Amino acid sequence: MANYHKPEAKTIQELKDIANKLRIDSVTATDASKSGHPTSCSSMAEIVSVLFFNTMRYKLSEPRDASSDRFILSKGHAAPILYSAWAEAGLFPVSDLQNLRKFDSDLEGHPTPRLNFIDVGTGSLGQGLSVAAGMAYVGKYFDKASYRTYCLIGDGESAEGSIWEALSFASHYKLDNLCAIFDINRLGQSEPTAIQHNMEVYRKRLDAFGFNAIVVDGHDVEELVKAFHEAQSTKDRPTAIIAKTFKGKNFPNIEDLENWHGKALGGKSDEVIKHLTSLIKNHGPLGLRPQKPIVDDAPIVDITNVKLDTPPNYKDGDSIATRLAYGTALAKIAKNNSRVVAFDGDTKNSTFADKIKTIDSNRFVECFIAEQNLVGVATGAACRDRTIAFVSAFATFFTRAFDQIRMGAISQSNVNFVGSHCGVSIGEDGPSQMGLEDIALFRSIPGSTVFYPSDAVSTERAVELAANTKGICFIRTSRPNTSILYKNDEKIMIGKAKVIKSSSDDKVLVIGAGITLHEGIKAAEELEKSGINVRVLDPFTIKPIDAESIISNAKECGGRIVTVEDHYPEGGLGEAVASAVALERNIIIKKLAVPKVPRSGPPSVLVDAFGIGSRSIIAAVQEILKY
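Residues numbered from 1 in each chain as written. Predicted model: local features only at pLDDT ≥ 70, side-chain atom pairs only at ≥ 80, totals over all residues. Heavy atoms only, no water.

- The name an unreviewed UniProt entry gives the protein chain is transketolase, with Aphidius gifuensis as the organism.
- If you open the UniProt record of the protein chain and go to Subunit (unreviewed entry), you find "Homodimer."
- Per UniProt, the protein chain carries the Sequence similarities (unreviewed entry) text "Belongs to the transketolase family." (UniProt positions renumbered as here; feature names shortened; annotations may be inferred.)

As structure tokens, this is what we get:
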């Protein structure tokens, strides 16, 4: 193997000693908290020792330095040994490990970015490799830097389909700067894994997925050093190190036994620590420290103050689908900032994410029909503020990636989601394609911002605002063409509603968004003919909702509100408005929403049939006027 030099015997022994020291730390930390996963830590001790004290390049002074190697612990329940590695490397006192899982400590049961050496939260299994693939993609194709990405995966979580989605993505894009390490310790939480220690099955599967698959003894330090060197030397394909390990390795009367998952050792600890101590040759301070300097070649990136290259440019009478306006705006901000990147799941010609290709084809990343991996890759790409990630798909397909989105919020990620083809207004494709739960999904994400623009101008501004907003953002776009409501220079802000139609004698406040706002305008014009004046309000963002404007306008309309939405009743616009006015004594609400699973049909027929068209709004206004 090119340029491989076998480590000196002293180095090998030091790495073995470090592995057992990491085991001791994991046992004492989990004992102190009376909970945790010491046996899951023990199986990966040599892997972590070699990675952190021989292979990886990183700065202790700045763990998330742009040019440092990345490490993702996908099996997040083994957090104690990751914390131990950083402590033994010198990042913080080893004594702090005794604060594991305590309320006032950031050393939580599973890793989160509250810690300065953690990029993403893990623990919901099967997600780490997608994030790592996103990091590696950025490293290879955008940063074009020397840093490498390592992801440690448990054999139990490798049953998750998202792992195999990530493997397919990484192979397709030849991410030779990515190394996936599978900790094959045979035992799951409640019983042995399906494949157990049949290493050849793992090797064949990973080889078939296009990886350089290397089977090693995961407790043999020298084999691991050599395997990681081979991974660094392999070009045009990622490497998978398949490590045969034992759960509870070097724990007497516990190693490779069932029913020890997720348990502190308690009364067994003294015996285990005594045995581990006997295996350590150097009982003084660690002789081996991280020594490899980083290659400081990641470019400086600025993702702040993102602007549309040119303002919206629409004429009165134009009718433009908001999904098309999204694509236009995406290209405009991409022209103004080289780190705007679009990720899509084979819907680019429907979401119009492909319009970014007119600016730079390299900044469109096709993730194919694998939405869980799509979200994970974008999360990884956004880590360390390397990109401004926009993720597009049909709104309904984000439901299958809800866990990845939820973990993105836990990870403090800044990722922008754009869901098109929402509601019954998409028409003949039928209910499987209709996003009718998406607002509820994204409203439930902590710290999220949910945009629901109703014309092309506000859509372009939503894209610009989302690019500059921290946290998870969701922009809901529609398939049908809708007329322009705003002037091109209209000032549009997060959390600020707009009154579209009003008079001094309004009796009801109608609140809609997207196509239902336009239905509300139609209803208001029709009601006006019969002497009933109705005010129409565009919330623009559903979260945060403009409670102040809603309450003040509702009071001016006699305390009567009708909400109308192309969404199921639960968790959508109507419930957001109801929450906003919950403490107001004299406001009543009638909510119109899609009441049941819809069916195929022309958009106009469906909108009317499922009670969210102008005819239903007129009836709702007439009914609420009786109160």
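### Details of the pattern of salt bridges
So, step 1. Following the criterion strictly, the structure yields 34 salt bridges and no others.
So, step 2. A salt bridge links Asp438 to Arg476, with the shortest nitrogen-to-oxygen separation between them at 2.6 Å. Note that Asp438 is positioned in helix α14 (residues 438-443) and Arg476 in strand β12 (residues 473-476), a separation of 38 residues in sequence.
So, step 3. Owing to a relative accessible area of 1%, Asp438 belongs among the buried residues under this scheme.
So, step 4. According to the relative accessible area criterion, Arg476 is buried, its value standing at 0%.
So, step 5. With a closest N to O distance of 3.5 Å, Glu526 and Lys529 form a salt bridge. Here Lys529 and Glu526 lie together in helix α16 (residues 515-529), a separation of three residues that amounts to about one turn.
So, step 6. Given a relative accessible area of 41%, Glu526 falls into the partly exposed group.
So, step 7. For Lys529, a relative accessible area of 67% gives the class exposed. (Salt bridge = Lys/Arg side-chain N within 4 Å of Asp/Glu carboxyl O. Helix = DSSP H or I, 4+ residues; strand = E, 2+ residues; numbered from the N terminus. Buried < 20%, exposed > 50% of the residue type's maximum accessible area, 1.4 Å probe, protein only.)

### A word on the sheet that holds β12
So, step 1. Sheet architecture is open: seven strands sit in the order β8-β7-β9-β10-β12-β11-β17, paired in mixed fashion. Of all the strands in the sheet, just β8 (364-366) and β17 (541-543) have a single pairing partner and so form its edges. Averaged over neighbouring strand pairs, the angle between their axes works out to 20° when direction is ignored.
So, step 2. Judged from the three bridges that link them, strand β7 (residues 340-344) and β8 form a sheet pairing that is parallel. Following the sheet pairing, Ala342 is matched in β8 by Phe364. (Pairing = 2+ DSSP bridges. Axes fitted to C-alpha atoms, helices over the stretch in contact; angles between N-to-C directions.)

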